[in-house]
Amino acid sequence: MPAKTAKAVEANTPVTPISNYLSAAELAIADRIQTGKIQCELGADVTVKADEQNRGFFHISTGKRRYYMYPVESRTGAIRLEDGKAGAMWLQLGNKSMLMDQKAGQRVADECATAEQRLVADKMKADKTPGLLDDLKK
């Protein structure tokens, strides 16, 4: 196909934004993602930045690692982003977040917390609410 024809076809072919492939539930998850530079244990940090061109997609980075993630529904209700190609996952709980390398089966960054998450963690400690693994008979 001549270059002029290829350009004309490209210019007249509608492009579907990738955000259109996310469900309403996935977009709702994306709306709950906490963004910014998030401090983690051992002096590490993870930067979570929304993709301004594609609602629901996020750029996640730590050190030299870069991921492009989208929300995934979880059975537990945890907020979860994944980069299926790289095999990475960002898991956001009420009191902390973590970045996982699913291919290697290890955590890349753990005990990451925004100011909001630190408040939840402090409240959990202050309330002395039993955890899932605590012995209730004590």
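(A) Region of interest: unusual backbone geometry. Residue Leu42 is not a glycine yet carries a positive backbone phi of 60°. Here Leu42 shows up in the loop between β1 (36-39) and β2 (45-50). Given the relative accessible area of 84%, Leu42 is considered exposed. The phi dihedral of Glu111 is positive, around 55°, even though this residue is not glycine. Within the element layout of this structure, Glu111 appears in strand β8 (residues 106-112). What makes Glu111 partly exposed here is its relative accessible area of 41%.

(B) Highlighting the sheet that holds β1. Read from one edge of the open sheet, eight strands run β1-β2-β3-β4-β5-β6-β7-β8, paired in antiparallel fashion. Edge positions in the sheet fall to β1 and β8, since each of these pairs with one other strand and no more. Sheet twist, expressed as the average angle between the axes of neighbouring strands with direction ignored, equals 25°. By the bridge criterion, four bridges tie strand β7 (residues 97-101) to β8 in an arrangement that is antiparallel. For Leu99, the partnering residue across the bridge sits in β8 and is Ala109.

(C) A look at the environment of Gln34. Tracing the backbone shows Gln34 in the loop between α2 (24-30) and β1. For the pair Gln34 and Ile79, spaced 45 residues apart in the sequence, the C-alpha separation amounts to 10.0 Å. Gln34 has contacts with Val48, Gln92, Thr114, Glu116 and Gln117, leaving out every residue within four places of it along the chain. In this structure the side chain of Gln34 is engaged in a polar contact, spanning 2.3 Å, whose partner is the side chain of Thr114.

(D) Local environment of the packing of aromatic side chains. Under the criterion given, the structure shown has two aromatic pairs. Here the aromatic rings of Phe57 and Tyr68 are separated by 5.5 Å at their centres, their planes lie at 20°, and the arrangement is stacked. Linking Phe57 in the loop between β2 and β3 (58-62) with Tyr68 in strand β4 (residues 65-71), this pair joins segments that are 11 residues apart in sequence. Plain terms: the ring middles of Phe57 and Tyr70 are 6.3 Å apart, the flat faces sit at 50° to each other, and that makes the pair tilted. Here Phe57 is found in the loop between β2 and β3, whereas its partner Tyr70 is found in strand β4, with 13 residues between them in sequence. Overall, the relative accessible area of 9% leaves Phe57 in the buried class. Classification of Tyr70 as partly exposed rests on a relative accessible area of 28%. Among the aromatic residues, those joined into a cluster by ring pairs are Phe57, Tyr68 and Tyr70.

What counts and how
Residues numbered from 1 in each chain as written. Predicted model: local features only at pLDDT ≥ 70, side-chain atom pairs only at ≥ 80, totals over all residues. Heavy atoms only, no water. Helix = DSSP H or I, 4+ residues; strand = E, 2+ residues; numbered from the N terminus. Buried < 20%, exposed > 50% of the residue type's maximum accessible area, 1.4 Å probe, protein only. Pairing = 2+ DSSP bridges. Axes fitted to C-alpha atoms, helices over the stretch in contact; angles between N-to-C directions. Contact = heavy atoms within 4.5 Å. Polar contact = N/O pair within 3.5 Å; in protein donor to acceptor, adjacent residues only side chain to side chain. Phe/Tyr/Trp six-rings, centres within 6.5 Å; stacked < 30°, edge-to-face > 60°.

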